Amino acid sequence: MTKKIHILNGPNLNLLGTREGSIYGYVTLADIEKNCREECARLGVELEFAQSNHEGELVDLIQRAGESADGIIINPAAYTHTSVAIHDAIRAVNLPVVEVHLSNIYAREDFRHHSYVSPVALGTICGFGPAGYILALGALTSHLPE
Ligand code: CA2
């Protein structure tokens, strides 16, 4: 059966490409989605792509992925550093999760150095900009059983 991956994006990532270009670059979230769709077609996997500014909605999206997806890629954005709810939701769904950050969170402010998601993730990719999503797709699909 065709594998299905959900890519979830947290708060303010809808603003990508419109401001803070010196930190996050000039690529929009729509550009990232397009690149991910092309990569998924190449890899032969189905993709659902979503963004929310709301913690509870991200929890709902993780639970929904738990019902139908084979794996999750998530950029939890600021909730990375604050959300026990997202940590618990990832634990509960028992799916492989790859955490992605555009920036290198360890080269930034101290408050970004801790992630509530990393301990429940298969792995984390950070600092490679939008290419991180493509790297995560490769890492996750190669981890999924045939
Ligand atoms: O580097 C990443 O991908 C982050 O997850 C981005 C989050 C930040 O809180 C994390 O520490 C690292 C912020 C996303 C906000 O994106 C914006 C984009 C354009 C303008 C303003 C914010």
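A quick note: this is a predicted structure, and the numbers were derived from the prediction, not measured.

A. Structural detail: the sheet that holds strand β1 (residues 4-9). Read from one edge to the other, the open sheet built from 5 strands follows the order β2-β1-β3-β4-β5, with strand pairing classed as parallel. Edge positions in the sheet fall to β2 (46-51) and β5 (123-126), since each of these pairs with one other strand and no more. In this sheet, neighbouring strand axes are inclined to one another by 20° on average, regardless of whether the strands run parallel or antiparallel. The sheet contact formed by strand β4 (residues 97-101) and β5 spans 4 bridges and is parallel. Looking across to β5, one finds that His101 is bridged to Cys126. Each of β1, β3 (71-75), β4 and β5 touches helix α5 (residues 131-143); the most contacted strand, β3, lies at about 155° to it.

B. Summary view of the pattern of salt bridges. Applying the stated rule across the entire model yields 7 salt bridges. Where Glu39 meets Arg42, a salt bridge forms, and the shortest distance between an N and an O atom there is 2.9 Å. Highlighted residues: Glu39 and Arg42, both in helix α2 (residues 29-43), separated by 3 residues, approximately one helical turn. Salt-bridge contacts for Glu109 lead to Arg108; the nearest nitrogen and oxygen are separated by 3.8 Å. Beyond isolated ion pairs, a larger network of salt bridges with shared partners links Lys4, Glu46 and Glu48.

Rules of the game
Residues numbered from 1 in each chain as written. Predicted model: local features only at pLDDT ≥ 70, side-chain atom pairs only at ≥ 80, totals over all residues. Heavy atoms only, no water. Pairing = 2+ DSSP bridges. Helix = DSSP H or I, 4+ residues; strand = E, 2+ residues; numbered from the N terminus. Axes fitted to C-alpha atoms, helices over the stretch in contact; angles between N-to-C directions. Contact = heavy atoms within 4.5 Å. Salt bridge = Lys/Arg side-chain N within 4 Å of Asp/Glu carboxyl O.

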